[in-house]
Amino acid sequence: MNVALFGGTFDPVHSGHLSAARAALQGFALDLIYFVPASMPPHKQGRSVTAFHHRYAMVALACAGESRFLPSLLEAPEFDPGKPNYAITTVRKLIQQLSEKDRLYFLIGTDAFLDIHHWHEWKALLECCDFIIASRPGFPISEIAQVIPQELRGGPADGNSIPLLRTRLHLLTTVDADISSSAIRQLASEGQPIRGLVPAAVEEYVQKLGLFIHANQTS
Ligand code: ATP
Ligand code: MG
């Protein structure tokens, strides 16, 4: 099977995440995408993130009816209470659960990848599996190659992929979704509609539970 791990804060999951996932599904003949909400995102400790159970519930609603989208508890807080989750730990966990015949990809947006050198053991992470890097408006995908130091390069870039020593970065340039969780939180906090920016079931959940009403930070 071709499997992808798609991690994020998902606060909330939105149609940009789903566009990236759908494009990856098609472009890489994926059989499954694990949507992995982070219990305590290492990069976002500056603001209060919505409780894990709400973010997971919204991911589960967004995956409903999509047979290849799997809501995942790989980073659920009960397994590592109080600890930040590092992508490399999650990838290793998932690799243990997969069979040797499975091929794992790490699905990530351009903004997050451009920041990858701040991630825990990022060089080792890049050697764990291939990456699918989705374009995102406002973040030039052409800068991806510049993030990779020479000693990690496995050769010259070819077309839409960059070889590393043991793995490869694939550029998925067709995603064009100008939407973010921050913008959705901001709209919801102002009482503005978020229709169309998130799946209908997620919109309903946000409204019923009154999420983001008191959100006073946008990033
Ligand atoms: P926030 O505004 O809170 O940072 P976000 O919209 O960036 O939220 P995250 O949960 O931070 O969403 O992102 C999870 C993953 O999805 C990251 O790899 C990110 O790059 C990717 N991603 C998020 N939104 C988009 C988008 N519109 N297009 C492509 N990739 C996206
Ligand atoms: Mg983000």
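Everything below is about the structure printed above this text.
Residues numbered from 1 in each chain as written. Chains lettered and ligands numbered in written order. Predicted model: local features only at pLDDT ≥ 70, side-chain atom pairs only at ≥ 80, totals over all residues. Heavy atoms only, no water.

J.: Outline the packing of aromatic side chains, supporting the account with residue identities and numerical values.
T.: Enumeration over the complete set of coordinates arrives at nine aromatic pairs. Ring centres 5.1 Å apart and planes at 50° place the aromatic pair Phe35 and Phe69 in the tilted group. Taken together, the residues span a long stretch of sequence, with Phe35 in strand β2 (residues 32-37) and Phe69 in strand β3 (residues 69-71) at a distance of 34 residues. Ring geometry for Phe113 against Phe131: centres 5.8 Å apart, planes inclined by 75°, an arrangement best described as edge-to-face. In this pair, Phe113 sits in helix α4 (residues 110-113) while Phe131 sits in strand β5 (residues 130-134), placing the two residues 18 residues apart along the sequence. Given a relative accessible area of 0%, Phe113 falls into the buried group. Relative accessible area serves as the criterion here: at 0%, Phe131 is assigned to the buried category. Taken together, Phe6, Phe10, Phe35 and Phe69 form an aromatic cluster joined through their ring pairs. (Phe/Tyr/Trp six-rings, centres within 6.5 Å; stacked < 30°, edge-to-face > 60°. Helix = DSSP H or I, 4+ residues; strand = E, 2+ residues; numbered from the N terminus. Buried < 20%, exposed > 50% of the residue type's maximum accessible area, 1.4 Å probe, protein only.)

J.: Can you break down helix α7 (residues 200-209) residue by residue, with the values?
T.: Within α7, the full set of buried residues consists of Val202, Glu203, Tyr205 and Val206. Each buried residue of α7 sits inside an arc of 160° when the element is viewed along its axis, so together they form one side. Exposed and facing more than 90 degrees away from the buried side of α7 are Ala200, Gln207 and Lys208. Buried positions along α7 lie against α2 (52-63). Just past α7, the residue Gly210 takes up positive phi, approximately 65°. (Arc of directions from axis to C-beta. Contact = heavy atoms within 4.5 Å.)

J.: Which residues make up α2, and what values do they have?
T.: Think of an α-helix as turning once every 3.6 residues; residues three or four places apart then point the same way. Taking 1.5 Å as the rise per residue, α2 with twelve residues should run 16 Å; its terminal C-alpha atoms sit 16 Å apart, in good agreement. With respect to burial, α2 is a largely interior element, nine of its twelve residues being buried. At its buried positions, α2 is contacted by α1 (15-27), β2, β3 and α7. (Expected span 1.5 Å × (residues − 1).)

J.: Lay out the environment of Gly196 with the relevant residues and their values.
T.: Within the element layout of this structure, Gly196 appears in the loop between α6 (181-189) and α7. As for Gly196 and Lys208, which are separated by twelve residues in sequence, their C-alpha atoms are 17 Å apart.

J.: Kindly report on the packing of α2 against α7, identifying the contributing residues and their values.
T.: Contact geometry for α2 and α7: axes closest at 8 Å, N-to-C directions at 150°. Considering their axes alone, α2 and α7 lie roughly antiparallel with respect to each other. Listed contacts from α7 to His53, His54, Ala57, Met58, Leu61 and Ala62 of α2 are Ala201, Val202, Tyr205, Val206 and Leu209. Across the contact of α2 with α7, the residue classes break down as nine nonpolar, two polar and no charged. (Axes fitted to C-alpha atoms, helices over the stretch in contact; angles between N-to-C directions. Parallel < 35°, antiparallel > 145°, perpendicular 65-115°, else oblique. Nonpolar A, V, L, I, M, F, W, Y, C, P; charged D, E, K, R; others polar.)

J.: Lay out the nonpolar core with the relevant residues and their values.
T.: Counting residues in each nonpolar core, the largest one holds 37 residues, and the members touching the most others are Leu30, Ile33 and Phe35. When residues in this core are grouped by element, the largest group, six residues, is from α1. Ignoring any residue separated from it by four or fewer positions in sequence, one finds Phe35 in contact with Phe6, Phe10, Leu18, Ala21, Val59, Cys63, Phe69, Leu70, Pro71 and Ser72. With 33 residues, the next largest nonpolar core counts Val3, Leu104, Leu125 and Leu126 among its residues. (Core = buried A, V, L, I, M, F, W, Y, C linked by side-chain atoms within 4.5 Å.)

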